[in-house]
Amino acid sequence: MATKEAGRGPASYKPLSMSPKEYQQFAKNRQPSRPVFANCVKAFFVGGLICLIGQGVQNFFAAAFDMSSKEASNPTVAVMILVSVILTCLGVYDKIAQWAGAGTAVPVTGFANSMCSAAIEHRSEGLVLGVGANMFKLAGSVIVFGTVAAFFVGIVYWILGVSH
Amino acid sequence: MLQGRRTWVFDKPPVIIGTGTVVGPDEGEGPLAGDFDLVHPDMTIQQPSWEKAERVLLEQASDIALSKAELSKDKVDFYVGGDLINQIISSTFAARTLGAPYIGVFGACSTSMETLALAALLVSSGAARHVMAGTSSHNCTAEKQFRYPTEYGSQKPPTAQYTVTGAGAAVVAAEGRGPRITAATIGRIVDLGLKDPFDMGSAMAPAAVDTIQAHLLETGREPGYYDMIVTGDLASVGHPIAADLLRRHGVPIAETEFSDCGTLIYDLAKQKVQAGGSGCACSATVTYGHLLKRMAQGELKRILVVATGALLSPLSFQQGESIPCIAHAVSIEQ
């Protein structure tokens, strides 16, 4: 590409002429890419750490209150949600998540964060139209597609004759 | 007056007789902190909602601009303002406080120079004696409206930008002491099909290039005429792209200092702002605070501020539309 035509002065500038396709490639070559591998590694370890903490809490309930592991799972989830909500309210969770990515988004703590953050954000619009209407703004799609996925998995189980 | 297709060269260049800049805590930790009139230590500005906080920022910037211009509120003939929030409510409520006749405009992050250009036009044409141009943005109102709740844990890519919390206002008058607005070039919509709202720098770079070229062509100026050509908020991704585009199209941009408000306002190595700053307040506070201060100290004589705007809405990008972009340039000379 010629950078400058003969003769100085503005008259020699070429008007911006690039097709969208050409420019998109031009820009893509100059953009920093997402550090996908590093993000995966961080997500793996942070997600694993959260699950490890959860397991520790479950073992604690099982040992301290003489519960079966199934009985201990409900209070465990409640504790994990509570911790996530507290960290969200303190304004810490989003900072951890920027570093950890999917590691903090996938476990139940991410679900709690999505509901809690929406509820805080829309509190200024009132309890009904603000908090109530917006609380599931992000979590809603998780519930919808989780239910749809469960439906199809259920059908597969039924066809294969698998039952619990 | 009108020169070429979209450049106003003012026969009687209006004067910026006073400016006010107010910023939030992140900008207060940035390298330009000392150049702003007021730095708030917290994001809420002791207000019950983010929207109210943004309004207060703009009201304070207007008050400071008026006191520096030694002008009372009733002497403001028109207030030209705009911001990022739906139906530009921050500007409207600030205009309610100011009580001046109000012209609300929307140019996303290009609003800073759009309002300044209009203010200069009103004053220069004799339609007004004193016009206030003002704009604001708040990180949390922008996140809430365009992205996710502020406390939601989503991971942003390195191309994303951080909306500046702040407000900038300028009082433009026919006569007085201060830098003069000698010309303005109004942008047109440039859309090269980019769709990622987390990479607005790349989307806006062609708009900046288009306006810079038009400005130079229609005024017959070379980049070297200016001590500095500064874009609004292309940040560390979009700005080098714009520089590359300019060189590729034969514009000798190396003749001048080519900079960007989005990279000036933060310390990109230390602060977690991804590619840099954005938002209406980015170019407004850097221009009215930092750059005009440098002009007053004699470090800069002529600057061209090219404020860039991504005119998307949350609806348009969810429906898969590309991002229409614009840039408005204002030439300020000592």
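Criteria and cut-off values
Residues numbered from 1 in each chain as written. Chains lettered and ligands numbered in written order. Predicted model: local features only at pLDDT ≥ 70, side-chain atom pairs only at ≥ 80, totals over all residues. Contact = placed C-beta atoms within 7 Å. Helix = DSSP H or I, 4+ residues; strand = E, 2+ residues; numbered from the N terminus. Nonpolar A, V, L, I, M, F, W, Y, C, P; charged D, E, K, R; others polar. Axes fitted to C-alpha atoms, helices over the stretch in contact; angles between N-to-C directions. Parallel < 35°, antiparallel > 145°, perpendicular 65-115°, else oblique. Left-handed = near helix turned anticlockwise from the far one by under 90°. Buried ≥ 20, exposed ≤ 12 C-beta atoms within 10 Å, placed from the backbone. pLDDT = per-residue confidence, 0-100. Pairing = 2+ DSSP bridges.

Participant: Summarise the interface of chain A and chain B; cite the residues concerned and give the values.
Facilitator: It is common to give the size of an interface as the accessible area that goes away when the parts come together. Opposite the 39 residues of chain A that make contact, chain B presents 40 residues. Elements supplying a minimum of two residues to the side of chain A that touches chain B: α1 (20–28), α4 (93–100), α5 (102–105) and α6 (108–121) of chain A. With 7 residues, the top contributor of residues to the side of chain A that touches chain B is α6 of chain A. Class assignment for the residues of the side of chain A that touches chain B results in 17 nonpolar, 15 polar and 7 charged.

Participant: So what about the packing of helix α2 (residues 36–64) of chain A against helix α3 (residues 69–89) of chain A? Which residues, and what values?
Facilitator: Residue and element names in this part refer to chain A. Here α2 crosses α3 at 130°, and the two axes come no closer than 8 Å. Considered as vectors, α2 and α3 are oriented oblique to each other. Remark: the crossing between α2 and α3 carries right-handed chirality. Each of Gly54, Val57, Gln58, Phe61 and Ala62 in α2 lies in contact with α3, whose residues at this interface are Ser69, Ala72, Ser73, Pro75, Thr76, Val79 and Met80. Residues of the contact of α2 with α3, tallied by class, amount to 7 nonpolar, 5 polar and no charged.

Participant: Kindly report on unusual backbone geometry, identifying the contributing residues and their values.
Facilitator: All names here are of chain B. A positive phi is found at Ile45, a non-glycine position, where the angle reads about 50°. Along the chain, Ile45 falls in the loop between β4 (38–39) and α2 (50–69). For Ile45, a count of 19 C-beta atoms within 10 Å gives the class partly exposed. Of note in this structure, Gln46 is not a glycine but carries a positive phi near 55°. Residue position: Gln46 is located in the loop between β4 and α2. Residue classification places Gln46 among the exposed positions, given that 9 C-beta atoms sit within 10 Å.

Participant: An account of the confidence of the model for chain A is needed here, citing residue identities and associated values.
Facilitator: Residue and element names in this part refer to chain A. When pLDDT is averaged across chain A, the result is 90; 92% of the residues are at 70 or more. Ranking the elements of chain A by mean pLDDT puts α5 last with 92 and α2 first with 96. A low-confidence stretch, residues 1–7 stays under pLDDT 50, and its non-local contacts, those more than four residues away or across chains, total 10 contacts.

Participant: I'd like a rundown of the confidence of the model for chain B, residues and numbers included.
Facilitator: Model confidence for chain B is summarised by a mean pLDDT of 97, while 100% of its residues fall at 70 or above. We note a pTM of 0.94 for the whole complex and an ipTM of 0.89 for its interfaces.

Participant: Got a sec to walk through the pairing of strand β9 (residues 166–173) of chain B? Specific residues and values, please.
Facilitator: All names here are of chain B. Most of β9 sits inside the fold, with 8 of its 8 residues counted as buried. Neither face of β9 is open: one carries Gly166, Gly168, Ala170 and Val172, the other Ala167, Ala169, Val171 and Ala173, and all of them are buried. Strand direction decides the pairing type here: strand β3 (residues 15–23) and β9, joined by 8 bridges, are antiparallel. Residue Gly18 lies in a different strand from β9, and its bridge partner there is Val171.

Participant: Describe the environment of Glu70 of chain B, and please don't skip the residues or the numbers.
Facilitator: Residues and elements named next belong to chain B. Checked against the element boundaries, Glu70 lands in the loop between α2 and β5 (78–83). For Glu70, a count of 11 C-beta atoms within 10 Å translates into the label exposed. Through-space distance from the C-alpha of Glu70 to that of Ile17 is 8.8 Å; in sequence the pair is 53 residues apart.

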